[in-house]
Amino acid sequence: MVVLVGCGLAWGCTQPLGKIAVSTGYGFFGLIFWQLVVGALILGALSLAGRPFRPGRNAFGFAALIAVIGTIIPNSTFYLSVAHLPAGIMSILIATIPILAFPLALALGMDRFSMARVVGLACGIAGVALIALPEASLPTPEAAAWLPIALIGPVFYAIESNVVARIGTAGMSAVQAMFLVSVVGAFMALPLALGTGQFINPFVAWGAAEWALVFSSIAHACAYASYVWLASQAGAVFASQCSYIVTGTGVIWAMLLLGERFSHWVWGALAIMLLGLALVQPRPRDRTPV
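Everything numeric in this text was worked out from a predicted model, so none of it was measured. (Residues numbered from 1 in each chain as written. Predicted model: local features only at pLDDT ≥ 70, side-chain atom pairs only at ≥ 80, totals over all residues. Heavy atoms only, no water.)

Caption draft 1: Structural context of the side chain of Q15. Tracing the backbone through its elements, the reader meets Q15 in helix α2 (residues 14-21). For Q15, the contacting residues outside a window of four places in its chain are F78, V82, A87, M90, S91 and I94. (Helix = DSSP H or I, 4+ residues; strand = E, 2+ residues; numbered from the N terminus. Contact = heavy atoms within 4.5 Å.)

Written out as structure tokens, the structure is:
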């Protein structure tokens, strides 16, 4: 339970830290590059401490695919939208990942129909509507235009979860796979950062944005490694409860670190999202991952 809570707390803080990281105008490709570098260092150390790591023939193709759909695209849209939306709203939208994963899994024939999960999907749609439609839910009415962009990330995370469930991790452990994804992703992000003029020079005086990027990257890598360990020890169903903590603590971290405050519409959206999350969570009898 301690690991579960710690994992959720660490992941939850990445949303407000991400908002701080973009506060000085850093471009998303530069932020993604250094996030992947930090992640590769941490996950690489963990990989070396485990079983020998010998990537197979398909490993690099797998890593390139996951780097694109699981990091470069969703993180780009995250950094774009978090500059215009409260970090707490971004944390609430994280709850849509397992909700969105269900219809994708159903379409791919990887899950079976469940009325409870359909209701959970409806709750997710209702939660987004409570954020987008009422005028009092966001700081400005114009901010609602960024919600579709903010939802691109959860859509791609849902796609990633189904891809991994379908094809596996090319013979690697989850930590080894994410280490290789981080390395390959960094090599992909570097020319994008340099070509767009978004590369971040680390040899400058560091302020809040730079430290926020480092701490966010460390928190993400450590939380992911903890989640993988927890899933292996306690099972995926227990580990999946981390989603509740990530969403809830993300809102709390936004209030503590950024002083964000939310209308009753947003709190209602949070409650409905958590209900939807509960309805779509896998049960112990479920054999097909979502």
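Caption draft 2: Summary view of unusual backbone geometry. For A170, which is not glycine, the phi torsion reads 55° and is therefore positive. For A170, the position within the fold is in the loop between α8 (147-167) and α9 (174-195).

Caption draft 3: Main features of the side chain of T247. With respect to the helices and strands, T247 occurs in helix α12 (residues 242-258). When its relative accessible area of 0% is taken as the criterion, T247 is described as buried. Beyond its immediate chain neighbours, meaning those up to four positions away, T247 contacts S91, I92, A95, L270 and L274. (Buried < 20%, exposed > 50% of the residue type's maximum accessible area, 1.4 Å probe, protein only.)

Caption draft 4: Fine view of the layout of surface pockets. Counted as a void, the second largest pocket has a volume near 160 Å³. Every residue lining the second largest pocket is listed: Y26, L31, W34, V38, I200, N201, P202, W206, E210, L213 and V214. The set of elements that each furnish at least two residues to the lining of the second largest pocket consists of α3 (28-49) and α10 (208-234). (1 Å grid on protein atoms, 1.4 Å probe; cavity = no way out; pocket = protein on both sides within 12 Å on 5 of 7 lines; lining within 4 Å. Points joined across faces, edges and corners; volume = space filled by probe spheres on them.)

Caption draft 5: Broad picture of helix α6 (residues 96-107). Between its first and last C-alpha atoms α6 spans 17 Å; for 12 residues at 1.5 Å apiece the expected length is 16 Å, and the two agree. Residues of α6 that are buried: T96, I97, P98, I99, A101, F102 and A105. Buried residues in α6 make contact with α5 (87-94), α7 (115-132), α8 and α13 (264-280). Downstream of α6 by a residue or two, G109 has a phi angle that is positive, lying close to 75°. (Expected span 1.5 Å × (residues − 1).)

Caption draft 6: Representation of the packing of α2 against α5. Two numbers describe how α2 lies on α5: the axes approach to 8 Å, and their chain directions differ by 135°. When the axes of α2 and α5 are compared, the pair comes out oblique. α2 and α5 meet at a crossing whose hand is right-handed. For the pair formed by α2 and α5, the contact residues are Q15, P16 and K19 on the first element and A87, M90, S91 and I94 on the second. When grouped by side-chain class, the residues that make up the contact of α2 with α5 number four nonpolar, two polar and one charged. (Axes fitted to C-alpha atoms, helices over the stretch in contact; angles between N-to-C directions. Parallel < 35°, antiparallel > 145°, perpendicular 65-115°, else oblique. Left-handed = near helix turned anticlockwise from the far one by under 90°. Nonpolar A, V, L, I, M, F, W, Y, C, P; charged D, E, K, R; others polar.)

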